[in-house]
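Topology and contacts: notes
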Amino acid sequence: MEAMILGTAAAEGVPALFCGCDACVFARTNGGKEIRARQSLYIAPDILIDLGPDAMYSVHRFGLDWTGLRAVLYTHSHRDHCCPDNLSFVRYPFAHGRPDTLDTYGNHFVRRLIAAIGATTPDDEFAGPFHLVKTFEPFALPNAEAVAIPSHHRGDGEESLNYIITRDGKSLLYCLDTGHYDEETWEFLKTIRLDGVIFECTNGLVSGKYHGHLGLPEVVEMKARLTDQGTLAADAPAAITHFSHNGIRPYAEMEAAAAPHGLQVAYDGMVVRL
């Protein structure tokens, strides 16, 4: 399995649109790996996790061909993860050379957002069939299997999701927009064997700056627990992503801090191979 991390920033991006903080000034000045679009994960050629506001930018930037895209999985309804307007362009005459529909997956909040764009009720399938995801229940994807686990992110009634994708005998956890998992999730993960994991690290090198997110200290703790309970192979690739300008440091500093813990610092376009 190959997974491309299309974007590696939190909601505001790096550099943020109107920001003059040290992190954003450094990114504007130095470019390269310091430039971070809003997060998304592409498992070529047919699966995407989070179709967000920077989708077209990422497609153009990395020369991607999404005519073969068949499934979009949404973690939750925050605007940096779910931009339903993009689905308006799946059908003819906006798209040629592909089927008219695209299967989408997510929670009730995402379903309502998608239904509001070009449809009158949640049951209208203007872009393609919507599949309501239930946590801990595996479901089929094109040439793959997925299972959602609850993240620990929001307190307004929305259950945010993290996804484990299994393809060709390899399993990858995309751990986005979450604090420490609840014990029920840890117990479920004892039944799973992961070959790789991509952790959110919104707080960068800072611990606990935002509730419902991780910083490097918390990522290290979660990685250790996954390894100790036998879920994650000791030598499995592990990366950190989804950085906010409020906790991020220059890429070289992030790399120096993460490497001793067996963690790669993701950059836009980085490919994780299992």
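You'll find the structure just up there.
Report follows, based on the coordinates. Values in this document were obtained by computation on a predicted structure and should not be read as measured data.

1. A word on the overall build of the chain
If you tally the helices and strands in the chain, you get six helices and 14 strands. Projected onto its principal axes, the C-alpha coordinates of the chain cover approximately 50 × 45 × 35 Å. The buried share of the chain, taken over its 274 residues, is 54%. For the chain, the proportion of contacts with a sequence separation of at least 24, taken over those separated by at least 6, is 69%.

2. A few points about the packing of aromatic side chains
Taken as a whole, this structure holds six aromatic pairs when the rule is applied. Seen from their ring centres, Phe136 and Phe188 are 4.9 Å apart, and the 50° between their planes marks the pair as tilted. One end of the pair, Phe136, is in the loop between strand 6 (130-132) and strand 7 (139-141); the other, Phe188, is in helix 4 (residues 183-189), with 52 residues separating them in the sequence. When the ring of Tyr251 is compared with that of Tyr267, the centres are 6.3 Å apart and the planes differ by 70°; the resulting orientation is edge-to-face. With a gap of 16 residues between them, Tyr251 in helix 6 (residues 251-258) and Tyr267 in the loop between strand 13 (264-265) and strand 14 (270-273) connect regions that are remote in the sequence. Judged by relative accessible area, Tyr251 falls into the buried class, the value being 8%.

3. Describing the sheet that holds strand 4 (residues 71-73)
Strand order in the open sheet formed by seven strands is 6-5-4-3-2-1-14, and the pairing between neighbours is mixed. At either margin of the open sheet sits one strand with a lone partner, and together these are strand 6 and strand 14. Within the sheet, the average angular offset between the axes of one strand and its neighbour, ignoring direction, is 20°. Relative to strand 14, strand 1 (residues 2-7) runs antiparallel, the two sharing four bridges. Paired with Ala3 across the strands is Val272, a residue of strand 14.

4. Observations regarding the nonpolar core
If you look at soluble globular proteins, the nonpolar side chains tend to sit buried side by side. Core analysis: the largest hydrophobic core is formed by 31 residues, its most contacted members being Leu173, Tyr181, Phe199, Ile240 and Leu263. At the level of elements, strand 8 (144-150), strand 10 (170-175), helix 4, strand 11 (196-200), helix 5 (216-228), strand 12 (238-241) and helix 6 are the ones that each hand at least two residues to this core. Of the residues forming this core, the biggest block, four residues, is contributed by helix 5. Setting aside its immediate chain neighbours within four residues, Leu263 contacts Phe199, Leu216, Val219, Val220, Lys223, Ala238, Ile240 and Ala258.

5. Regarding the sheet that holds strand 7
The seven strands lie next to each other as 7-8-9-10-11-12-13, forming an open sheet whose pairing is mixed. A strand with exactly one partner marks an edge of an open sheet, and here the two such strands are strand 7 and strand 13. Alignment of strand 7 against strand 8, held across three bridges, turns out to be antiparallel. Counted as the bridge partner of Ala140 is Glu145 from strand 8. Strand contacts of helix 5: strand 10, strand 11 and strand 12, with the helix running at about 155° to strand 11, the strand carrying the most contacts.

6. Observations concerning the pattern of salt bridges
Applying the stated rule across the entire model yields seven salt bridges. One salt bridge connects Asp46 with Arg167, and the closest N-O pair in it is separated by 2.8 Å. With a gap of 121 residues between them, Asp46 in the loop between strand 2 (40-43) and strand 3 (47-49) and Arg167 in strand 9 (residues 161-167) connect regions that are remote in the sequence. The same class applies to Asp46 and to Arg167, which are both buried. A salt bridge links Arg249 to Glu253, with the shortest nitrogen-to-oxygen separation between them at 3.2 Å.

What counts, and where the lines are drawn
Residues numbered from 1 in each chain as written. Predicted model: local features only at pLDDT ≥ 70, side-chain atom pairs only at ≥ 80, totals over all residues. Heavy atoms only, no water. Helix = DSSP H or I, 4+ residues; strand = E, 2+ residues; numbered from the N terminus. Buried < 20%, exposed > 50% of the residue type's maximum accessible area, 1.4 Å probe, protein only. Contact = heavy atoms within 4.5 Å. Phe/Tyr/Trp six-rings, centres within 6.5 Å; stacked < 30°, edge-to-face > 60°. Pairing = 2+ DSSP bridges. Axes fitted to C-alpha atoms, helices over the stretch in contact; angles between N-to-C directions. Core = buried A, V, L, I, M, F, W, Y, C linked by side-chain atoms within 4.5 Å. Salt bridge = Lys/Arg side-chain N within 4 Å of Asp/Glu carboxyl O.

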